[in-house]
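Per-entry structural report
The primary structure of each chain is shown beneath.
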Amino acid sequence: MSHKLILSAAILAALAAPAVAADAVADIAPAPEAQAVEAFTWTGGYLGVQGGGGWLDGKFSVPGDSISEDFNGGLISGFVGYNYQFGDWVIGAEGDLTYNWNDNKYDIFGTDVKVGTDLAGSVRARAGYTLDNALIYTTAGWTATSGYVEVPGIGDVDRTFSGYTVGAGVDYAFTNNIFARAEYRFNDFGSKTIEDVKVDLDQHQVTFGIGVKF
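Naming follows an unreviewed UniProt entry, where the protein appears as Porin family protein of Ensifer oleiphilus. Regarding the protein, the UniProt comment filed under Subcellular location (unreviewed entry) reads as follows: "Cell outer membrane".

Here it is as structure tokens:
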């Protein structure tokens, strides 16, 4: 092979190298753009159901004497509310409607008299702090319940008791829309005078529930 032929081949290879390199670069696909992950927020409306137990203490007072009775049982309720989150803090408002099974029966002169409460409800403010998907909160507001006395053959006496409620709990979001709840509340339903008997009602309740956030 002559020196001229070798020199010509080297020149052609040198000229072709940049073109091959350019083609190789063009064949490399661009890296995919990173997708921004939307941060979870508690802001928005929600509703849910919860159930648990209630421990109600009833004090019955007449001039010169008083007695205390426990009215304990299960309860179930629905709740609805709205949260607003700013930073790690959350404020909101919530209402609930509850049904209690906590009546007692008393044998009075051979007659079974039933005493208890059934429907209850509350309207409350909430304030809390977030830890990842958990919301730890306190709550306080107004509450009311319906107390009754049922006397067979005579009729029913119903009174609405109202007062305040305070409590604390935790909501935990499993997804952007589903969350679970555990809550404790103390309800002071105030007092009423029924047939010269002063009745004072307060209740401790513990509930567990599940909710949907919009």
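A separate point is the overall build of the protein. Check the secondary structure of the protein and you find one helix and nine strands. Put simply, the protein runs from its N terminus to its C terminus through helices and strands in the order α-β-β-β-β-β-β-β-β-β. For the protein, the residues scored as buried account for 35% of the 214 residues in total. Here the analysis covers contacts within the protein between residues at least 6 apart in sequence; of these, 60% occur between residues at least 24 apart. Total accessible area computed for the protein in this model is approximately 12,800 Å², and 65% of it derives from carbon and sulfur atoms.

Attention now moves to the confidence of the model for the protein. Where the model shows low pLDDT, its predicted coordinates should not be examined in detail. Averaged over all residues, the pLDDT of the protein equals 87, while 83% of them reach at least 70. Within the protein, the lowest mean pLDDT, 49, falls on helix H1 (residues 3-27), and the highest, 98, falls on strand E3 (residues 89-100). Low pLDDT, under 50, characterises residues 5-14; the stretch is placed with one contact to residues that sit more than four places away or in other chains.

When their charged atoms lie close together, side chains carrying opposite charge are able to pair. Tallied over the full model, the rule gives ten salt bridges. Ionic pairing is found between Asp171 and Arg126, a salt bridge with its closest N-O pair at 3.4 Å. Separated by 45 residues along the polypeptide, Asp171 in strand E7 (residues 155-173) and Arg126 in strand E5 (residues 111-131) bring together distant segments of the chain. A relative accessible area of 1% means that Asp171 is categorised as buried. Classification of Arg126 by relative accessible area gives buried; the value is 4%.

Looking now at the side chain of Arg185. Residue position: Arg185 is located in strand E8 (residues 178-194). Of note is the side chain of Arg185, whose polar atom sits 3.1 Å from the side chain of Glu183. For Arg185, the residues in contact, after removing those within four places along its chain, are Asp96, Ser122, Arg124, Thr139, Thr165, Val166, Gly167, Gln203, His204 and Gln205.

Inspection of the entire model under this criterion finds ten aromatic pairs. For the pair Tyr46 and Phe79, a centre-to-centre distance of 6.2 Å together with 55 degrees between the ring planes defines the contact as tilted. Of this pair, Tyr46 sits in strand E1 (residues 44-62) while Phe79 sits in strand E2 (residues 65-86), and the two are 33 residues apart along the sequence. In this pair, the class of Tyr46 matches that of Phe79, namely buried. Ring centres of Tyr172 and Phe174 lie 5.4 Å apart, and the angle between their planes is 70 degrees; on these two criteria the pair is classed as edge-to-face. The class for Tyr172 is partly exposed, based on a relative accessible area of 40%. What makes Phe174 exposed here is its relative accessible area of 56%. Connected via pairs of aromatic rings, a cluster forms that spans Phe40, Trp42, Tyr46, Phe79 and Phe179. When the ring centre of Tyr137 is taken as reference, the NZ or CZ atom of Arg126 above it lies at 4.3 Å.

A word on the nonpolar core. Judged by nonpolar contacts, Leu56, Phe60, Phe71, Val113, Val115, Phe161, Phe189, Ile194, Val199 and Leu201 together constitute the single largest core of ten residues. Looking at this core, the elements that each hand over two or more residues are E1, E5, E8 and strand E9 (197-213). Not counting residues within four places of it along the chain, the set of residues in contact with Leu56 comprises Glu69, Asp70, Phe71, Asn72, Asn102, Thr117, Phe189, Leu201, Asp202 and Gln203. Core analysis: the second largest hydrophobic core is formed by seven residues, Tyr46, Phe79, Val90 and Leu135 among them.

Turning our eyes to something else, we now look at the pairing of E7. Judged from the 18 bridges that link them, strand E6 (residues 134-151) and E7 form a sheet pairing that is antiparallel. When the bridges of E7 are listed, Tyr148 appears paired with Asp158. Linking E6 to E7, which pair antiparallel, is a turn of three residues; within it Gly153 sits at a positive phi near 80 degrees.

Quick notes on the rules
Residues numbered from 1 in each chain as written. Predicted model: local features only at pLDDT ≥ 70, side-chain atom pairs only at ≥ 80, totals over all residues. Heavy atoms only, no water. UniProt positions renumbered as here; feature names shortened; annotations may be inferred. Helix = DSSP H or I, 4+ residues; strand = E, 2+ residues; numbered from the N terminus. Buried < 20%, exposed > 50% of the residue type's maximum accessible area, 1.4 Å probe, protein only. Contact = heavy atoms within 4.5 Å. Areas by Shrake-Rupley, 256 points an atom, 1.4 Å probe, with all protein chains shown as cover. pLDDT = per-residue confidence, 0-100. Salt bridge = Lys/Arg side-chain N within 4 Å of Asp/Glu carboxyl O. Polar contact = N/O pair within 3.5 Å; in protein donor to acceptor, adjacent residues only side chain to side chain. Phe/Tyr/Trp six-rings, centres within 6.5 Å; stacked < 30°, edge-to-face > 60°. Lys NZ or Arg CZ within 6 Å of the ring centre and 35° of its normal. Core = buried A, V, L, I, M, F, W, Y, C linked by side-chain atoms within 4.5 Å. Pairing = 2+ DSSP bridges.

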